[in-house]
Amino acid sequence: GFWSTRRTYFMASLKGIELCKNCRFFGMPLLRRSPHTQITIGDNCTFRSSFNSNLVGLNRKCLITTWYNEAVIEIGNNVGMSGTVIGAAKHVKLEDDVMCGGNVFITDFDWHPVHPARRHERAEARPTLIKKNVWVGMNSVVLKGVTIGENSVIAANSVVTRDIPPNVIAGGNPCKVLKEFDESMLEELHSITQI
């Protein structure tokens, strides 16, 4: 609620994080902006970091963090997160109306190189983009260089390692298309968005 929201706005301003209007915070998220990086959060976003704010079973707070110089995290309008972690070394973008189920993890880098002799070096980064109106199911992981097309649904417990097209249901490890939305669903979606 109320006090978590006020405290988060205050902390975001101290850390140079752009936090737009009417966002709500249930419990305190962990926000870390490294020097020479950017974090922007759009209007009307909801962050659930309190364990009793989403009864799917959150196992952590929301954590939004940039790592290397010039890294950018962009979160659009009307985005919902519950115990979501976003880590960016280059660029992570969530467009408007994205929903992240409980304990989702989104990143644009490997955090450690795979090669044993280089595991303490800086890891490769490639931009990650989640397009408009995507629903990422609980406990899913979205990895570097991935684009998820608009309106798509990522099933719970998926590991997204490659691009997912728009208007599909996808799932698994590695995540793959399971079903395309039928024409009637797309027509209904189009009529709703025109209102």
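As a starting point, this report considers the structure included with it.

Spatially, six strands are ordered E3-E6-E9-E12-E15-E18 in an open sheet, and the strand pairing comes out parallel. Only two strands of the sheet have a single partner each, and these edge strands are strand E3 (30-32) and strand E18 (159-160). By the bridge criterion, two bridges tie strand E12 (residues 105-107) to strand E15 (residues 141-142) in an arrangement that is parallel. Paired with phenylalanine 105 across the strands is valine 141, a residue of E15.

With 36 residues, the main nonpolar core has Ile75, Met81 and Leu94 as its most contacted residues. Of all elements in the fold, only strand E4 (38-41), strand E7 (72-75), strand E9 (85-88), strand E10 (91-94) and strand E19 (168-171) reach the threshold of two or more residues within this core. Leave out the neighbours within four places in its chain, and leucine 94 touches Glu74, Ile75, Gly76, Val79, Met81, Ile86, Cys100, Ile106 and Ile130.

This part takes up the side chain of asparagine 151. Along the chain, asparagine 151 turns up in the loop between strand E16 (147-148) and strand E17 (153-154). Judged by relative accessible area, asparagine 151 falls into the buried class, the value being 12%. Within the structure, the side chain of asparagine 151 is placed 3.1 Å from the side chain of asparagine 133, a separation counted as a polar contact. A polar side-chain atom of asparagine 151 sits 2.9 Å from a polar atom in the side chain of asparagine 167. Excluding residues that lie within four positions of it along the chain, asparagine 151 makes contacts with Lys132, Asn133, Val134, Asn167, Phe181 and Leu189.

This brings us to the pairing of strand E6 (residues 63-66). Summarising the sheet, E3 and E6 pair through three bridges and their orientation is parallel. Among the inter-strand pairings, leucine 30 is bridged to a residue of E6, identified as leucine 63.

A complete count under the given rule lists two salt bridges for this structure. Two residues, lysine 144 and aspartate 110, come together in a salt bridge whose shortest N-O distance is 2.9 Å. Linking lysine 144 in the loop between E15 and E16 with aspartate 110 in the loop between E12 and strand E13 (128-130), this pair joins segments that are 34 residues apart in sequence. Looking at lysine 144, the relative accessible area reads 13%, which means it is buried. Accessibility expressed as a relative area gives 32% for aspartate 110, which makes it partly exposed. Salt-bridge contacts for arginine 126 lead to glutamate 124; the nearest nitrogen and oxygen are separated by 3.2 Å. Note on arginine 126: relative accessible area 36%, which makes it partly exposed. Of the residues examined, glutamate 124 reaches a relative accessible area of 46% and is grouped as partly exposed.

Here the focus is the environment of tyrosine 9. Residue position: tyrosine 9 is located in helix H1 (residues 2-14). Classification of tyrosine 9 as partly exposed rests on a relative accessible area of 26%. Taking the C-alpha atoms as reference points, tyrosine 9 and leucine 19, separated by 10 residues in sequence, lie 6.9 Å from one another. In this view, tyrosine 9 contacts Leu19, Cys20, Lys21, Asn22, Cys23 and Phe25; residues no more than four positions away in its chain are not counted. A distance of 2.5 Å separates the side chain of tyrosine 9 from the backbone oxygen of cysteine 20, its partner in a polar contact.

The rules we used
Residues numbered from 1 in each chain as written. Predicted model: local features only at pLDDT ≥ 70, side-chain atom pairs only at ≥ 80, totals over all residues. Heavy atoms only, no water. Pairing = 2+ DSSP bridges. Helix = DSSP H or I, 4+ residues; strand = E, 2+ residues; numbered from the N terminus. Core = buried A, V, L, I, M, F, W, Y, C linked by side-chain atoms within 4.5 Å. Buried < 20%, exposed > 50% of the residue type's maximum accessible area, 1.4 Å probe, protein only. Contact = heavy atoms within 4.5 Å. Polar contact = N/O pair within 3.5 Å; in protein donor to acceptor, adjacent residues only side chain to side chain. Salt bridge = Lys/Arg side-chain N within 4 Å of Asp/Glu carboxyl O.

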